[in-house]
Amino acid sequence: MELVNVFDYESLAQTSLDAGTWAYFAGGADDEITLRANRRAFEQVQLRPRVLVDVSCITMNTRVLGIPVEMPILVAPIGFQGLAHPDGECATASASTKTIMIVSTFSSRTLEEIAQVATGPLWFQLTAPNRLWTERLVQRAAAAGYRALVITVDAPRSGRKEAAQRLDFHLPAYKANFGDEPMGNGFTSLPTWSSLAWLRSLTSLPIVLKGILTAEDALLALDHGMDGIIVSNHGGRQLDGVPATLEVLPEIIEAVNGRCEIYMDSGIRRGTDVLKALALGAQAVLVGRPIIWGLAVNGADGVANVLDMVRTEFEQAMALVGCSTLTTINPSFVRRMVFNGYLNGYHRS
Ligand SMILES: Cc1cc2nc3c(=O)[nH]c(=O)nc-3n(C[C@H](O)[C@H](O)[C@H](O)COP(=O)(O)O)c2cc1C
Ligand SMILES: CCCCCCC(=O)C(=O)O
């Protein structure tokens, strides 16, 4: 069967992984309300195409924190990729040529091994058990050439994935980046607003907060000198019942008002999803689970193909909506669907 979109990869990935591993990758927290809301939000935003625009030459090259990328579609940090394919994050890094890959602290390969085979720029998603490990990992990431740090702020503890729990799935204890050192009592100093200044003092790398869902926290991120924000609900895997990211993106864009870069993830599956997120103000999006689907089905080639599918679909969406460059994408290209006669539009004509 020819694989024509990322959902085809999803179906095939499910058949190639054991049930517990699949449940871990696919699952959301609790009742999976937020997991479903992420997709529904994209379905409920419609496009407003403009016609007779010259779209013979489409370009989607851009810069993310000053780093040139060939598309505004980044690779989200996903831990334990070795569960999907023996090459794990090394395969993903070798396939992420046109864009930035964010490497999770919980990678199955060390951050150095991944950097050695990467074909594109890397950021490091940092979760450390204490200040000593924070310092070590920050130094190692900088030394290995990582270009930014991503601090995940929506996971002071892990969300409950009931499907995986029912199948008695347990994550591997061994975490490559921590070597053989015992983890002691686990995570004793998780980040708080007050520890960000200390983190900032450790490094000159840009710092991005991942998991912001409110204007209030976006403003706090600015107050704390953060360089970027990822509007994310962790793909519906942390607090169930929070809104879809597409729903909250406009309030965050409005509050931040251009003072730092804003990206979003959770539920991006189609090129039209990328277009909708950018129209509502995101500078770039991150793709999560589809990367795992590509990896599970066909290693590095699968990841490359998944990224290419989303990029090609986005290019098509730009052409059909009448945008030849990213800078021409704006809120006038989207509207919300009408419910019960009530139109809550983004576009005000
Ligand atoms: C299996 C899995 C593992 C993940 N591991 C991490 C992680 O280590 N660090 C992190 O910040 N986010 C992690 N995430 C969240 C992703 O970075 C991202 O926010 C989410 O997958 C985006 O939603 P999507 O899967 O619907 O695209 C993980 C997500 C999945 C599905
Ligand atoms: C101590 C284990 C943390 C797992 C982190 C992976 C993750 O974020 C996920 O959503 O799964």
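Residues numbered from 1 in each chain as written. Chains lettered and ligands numbered in written order. Predicted model: local features only at pLDDT ≥ 70, side-chain atom pairs only at ≥ 80, totals over all residues.

Labelled according to an unreviewed UniProt entry, the protein chain appears under the name Alpha-hydroxy-acid oxidizing enzyme, originating from Dictyobacter kobayashii. Listed in UniProt under the heading Sequence similarities (unreviewed entry), the comment for the protein chain reads: "Belongs to the FMN-dependent alpha-hydroxy acid dehydrogenase family." (UniProt positions renumbered as here; feature names shortened; annotations may be inferred.)

Asker: If you had to explain the site of ligand 1 to someone new, which residues and values would you point to?
Answerer: Surveying the vicinity of ligand 1 reveals 22 residues, the closest of which are Ala76, Gly79, Ser104, Gly235 and Gly288. Here the residues of the shell around ligand 1 are counted per class, giving seven nonpolar, eleven polar and four charged. (Near = placed C-beta within 6 Å. Nonpolar A, V, L, I, M, F, W, Y, C, P; charged D, E, K, R; others polar.)

Asker: I'd like a rundown of the site of ligand 2, residues and numbers included.
Answerer: The environment of ligand 2 is formed by Gly79, Phe106, Ala155, Ser158, Leu171, His234 and Arg237. The residue makeup of the shell around ligand 2, split by class, is three nonpolar, three polar and one charged.

Asker: Describe in detail the UniProt feature "binding site: glyoxylate" (unreviewed entry) in the protein chain, supporting the description with residues and values.
Answerer: If you check UniProt for "binding site: glyoxylate" (unreviewed entry), the listed places come out as Tyr24, His234 and Arg237 in our numbering. In three dimensions, the annotated residues from a span of 214 residues occupy one location, with a maximal C-alpha spread of 13.3 Å. Its location among the elements puts Tyr24 in helix H2 (residues 19-26). Classification of Tyr24 by C-beta neighbours within 10 Å gives buried; the count is 22. Those residues in contact with Tyr24 that lie beyond four places of it in its chain are Lys161, Ala164 and Phe169. The exposure class of His234 is buried, given the 25 C-beta atoms found within 10 Å. The contacts of His234, once residues within four sequence positions are left out, are Asp154, Ala155, Gly159 and Gly211. (Helix = DSSP H or I, 4+ residues; strand = E, 2+ residues; numbered from the N terminus. Buried ≥ 20, exposed ≤ 12 C-beta atoms within 10 Å, placed from the backbone. Contact = placed C-beta atoms within 7 Å.)

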